[in-house]
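# Summary of the model geometry
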Amino acid sequence: MIYDVIIVGSGPAGLTAAIYAKRAELNCVVIEKEGISGGQIINTYEVDNYPGLPGISGFDLSMKFRNQCDELMVPFINGTAQELRLDNKLKIIRMDDGTEYKAKTVVLAMGGVPRHLGVEGEEEFSGRGVSYCATCDGAFFKNKVVAVVGGGDVAVEDAIFLARLCKQVFVVHRRDTFRANKAASVKLLSMPNVTVLWDSVVERIGGDDAVSMIDLRNVKTGEVSTREVSGVFIAVGYIPNTDICRNIVALDDSGHIIAGEDCETDVPGIFAAGDIRAKHLRQIITAAADGANAITAVEKYLNEFDN
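### Focus: helix H2 (residues 58-71)
- Across its 14 residues, H2 extends 20 Å between first and last C-alpha, which sits within 8% of the 20 Å expected from 1.5 Å per residue.
- Lining the buried residues of H2 we find helix H1 (12-23), strand E2 (28-32), strand E3 (76-78) and helix H6 (284-305).
- Phi turns positive, to about 60°, at methionine 73, one or two residues after H2.

Right under this line is the structure:
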């Protein structure tokens, strides 16, 4: 079988692309790595900026996306895409079990993985106090003291979530202002059990069997200090999952796929949507918009492909 479009990834971008593809009566399939749809948003405690659904949990929102796909009878394949290669005008996806799927077009929507700090103790205490998902692991730190590292939307949202559970939350940020949206930043700064350690970076994560402390360095003064914490939640960005297309399409310096608002890459018939695409704003709504734009561009491409 040769599909009209293979969609790799089932976050908001991939699921929206699937909805638009099915409504356009395209022969499509979604490759889903984790066995559950939603991508990063399934770990988001509360989504306040998706229009029409304020306060919905990330998991519930992802299920709404997936349920609409199921109602449209979008086919899903569980597994990991290992390779993307070209065969004249066709695109071939090879899976981790060796199975290959062919399509006229591909929408890449694989998202990313959490970026690590690369400091002493981080790998050693991963799962023993070091976490990259506050909503996954926050409950284990109820009434304890924790640190959140980062200053973007995810870090601030994680800190707000943890402040509702924990005795105290230290927010460690290398700059003197947050990069997160204003509303979330104001909300965090108003919470009495939150202390922001501006201009600071983590130098070391320490402990015995589990995390018990972090060493910090002030980037302006050079002053070194220690804070006793039971958990460290790291939210310093994501690394795009572009391994399968690294030598196929053009990437920027950070590894994101270069594609315009129509999501078309420099390779005809290959499109990029969601957090994997180089752009200024990475939110659920922009990922969904990418999914819609990508399929609109796919339809245009297929009209030319078949003529």
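### Here's the deal with the side chain of serine 37
- Position of serine 37 among the secondary structure elements: in the loop between E2 and H2.
- There is a polar contact of 2.3 Å between the side chain of serine 37 and the side chain of glutamate 32.
- Looking at serine 37, its side chain comes within polar contact range of the side chain of arginine 66, at 2.9 Å.
- Those residues within four positions of serine 37 in sequence are excluded, and the remaining contacts are Ser10, Leu15, Glu32, Ile42, Ser62, Met63, Arg66 and Phe76.

### Considering the packing of aromatic side chains
- Here the structure, examined in full by the defined rule, presents four aromatic pairs.
- Relative to phenylalanine 233, the ring of phenylalanine 141 lies with its centre 5.3 Å away and its plane at 80°, an arrangement referred to as edge-to-face. Here phenylalanine 233 lies in strand E15 (residues 231-234) and phenylalanine 141 lies in the loop between helix H3 (134-137) and strand E9 (145-149), a separation of 92 residues in the sequence.
- Residue phenylalanine 141 is classed as buried on the basis of its relative accessible area of 9%.
- With 4.8 Å between their ring centres and 55° between their planes, phenylalanine 178 and tryptophan 198 make a pair best called tilted. Taken together, the residues span a long stretch of sequence, with phenylalanine 178 in the loop between strand E10 (168-172) and helix H5 (182-189) and tryptophan 198 in the loop between strand E11 (194-197) and strand E12 (200-207) at a distance of 20 residues.
- Lying across the ring of phenylalanine 76, arginine 66 places its NZ or CZ 3.6 Å from the centre.

### Structural notes on the pairing of E9
- When you tally the buried positions in E9, you get five out of five residues, the bulk of the element.
- Side chains of E9 alternate between two faces, with Val145, Ala147 and Val149 and Val146 and Val148 buried alike.
- Bridge count between E9 and E10: five bridges; the pairing is parallel. Looking at E10, one finds that valine 146 is bridged to valine 169.
- Note that the unit made of E9, helix H4 (residues 153-163) and E10 has a crossover that is right-handed.
- Note that E9 and E15 share four bridges and pair parallel. Paired with valine 148 across the two strands is phenylalanine 233, which belongs to E15.

### So, the pattern of salt bridges
- For the structure shown, the criterion picks out 14 salt bridges.
- Put simply, glutamate 100 and arginine 85 hold a salt bridge, and the shortest N to O gap is 2.9 Å. Of this pair, glutamate 100 sits in strand E6 (residues 100-108) while arginine 85 sits in strand E4 (residues 81-87), and the two are 15 residues apart along the sequence.
- Accessibility expressed as a relative area gives 36% for glutamate 100, which makes it partly exposed.
- A salt bridge links glutamate 261 to arginine 277; the nearest nitrogen and oxygen atoms lie 3.4 Å apart. Taken together, the positions of glutamate 261 in the loop between strand E16 (238-240) and strand E17 (270-272) and arginine 277 in the loop between E17 and H6 put the pair 16 residues apart, joining distant regions of the chain.
- When salt bridges with common partners are traced through the structure, they connect Glu83, Arg85, Arg94 and Glu100 into a single cluster.

### Quick look at the environment of isoleucine 270
- In this structure, isoleucine 270 sits in strand E17.
- Of the residues examined, isoleucine 270 reaches a relative accessible area of 0% and is grouped as buried.
- With 195 residues separating them in the primary sequence, isoleucine 270 and proline 75 have C-alpha atoms 20 Å apart.
- Beyond its immediate sequence surroundings of up to four residues, isoleucine 270 is in contact with Leu84, Leu86, Lys91, Val106, Leu108, Ile248, Val249, Cys263, Glu264 and Thr265.

### Section: the sheet that holds strand E13 (residues 211-218)
- Judged by pairing direction, the sheet is antiparallel, and its three strands sit side by side in the order E12-E13-E14 without closing on themselves. Of all strands in the sheet, those with a lone pairing partner are E12 and strand E14 (224-228), marking the two edges. Ignoring which end each strand starts from, the neighbouring axes of this sheet average 25° apart.
- Relative to E13, E12 runs antiparallel, the two being bridged by seven bridges. Note on E13: the bridge partner recorded for serine 200 is asparagine 218.

### Some thoughts on the packing of H4 against H5
- Where H4 meets H5, the closest approach of the two axes is 9 Å, and the angle between their N-to-C directions is 35°. Regarding H4 and H5, the two cross each other, and that crossing is left-handed. Of H5, the residues touching H4 (which contributes Val156, Ala159 and Ile160) are Ala184, Ser185, Lys187 and Leu188.
- The residue makeup of the contact of H4 with H5, split by class, is five nonpolar, one polar and one charged.

Conventions adopted
- Residues numbered from 1 in each chain as written.
- Predicted model: local features only at pLDDT ≥ 70, side-chain atom pairs only at ≥ 80, totals over all residues.
- Heavy atoms only, no water.
- Helix = DSSP H or I, 4+ residues; strand = E, 2+ residues; numbered from the N terminus.
- Expected span 1.5 Å × (residues − 1).
- Contact = heavy atoms within 4.5 Å.
- Polar contact = N/O pair within 3.5 Å; in protein donor to acceptor, adjacent residues only side chain to side chain.
- Phe/Tyr/Trp six-rings, centres within 6.5 Å; stacked < 30°, edge-to-face > 60°.
- Buried < 20%, exposed > 50% of the residue type's maximum accessible area, 1.4 Å probe, protein only.
- Lys NZ or Arg CZ within 6 Å of the ring centre and 35° of its normal.
- Pairing = 2+ DSSP bridges.
- Right-handed = clockwise from strand over helix to strand, strands pointing away.
- Salt bridge = Lys/Arg side-chain N within 4 Å of Asp/Glu carboxyl O.
- Axes fitted to C-alpha atoms, helices over the stretch in contact; angles between N-to-C directions.
- Left-handed = near helix turned anticlockwise from the far one by under 90°.
- Nonpolar A, V, L, I, M, F, W, Y, C, P; charged D, E, K, R; others polar.

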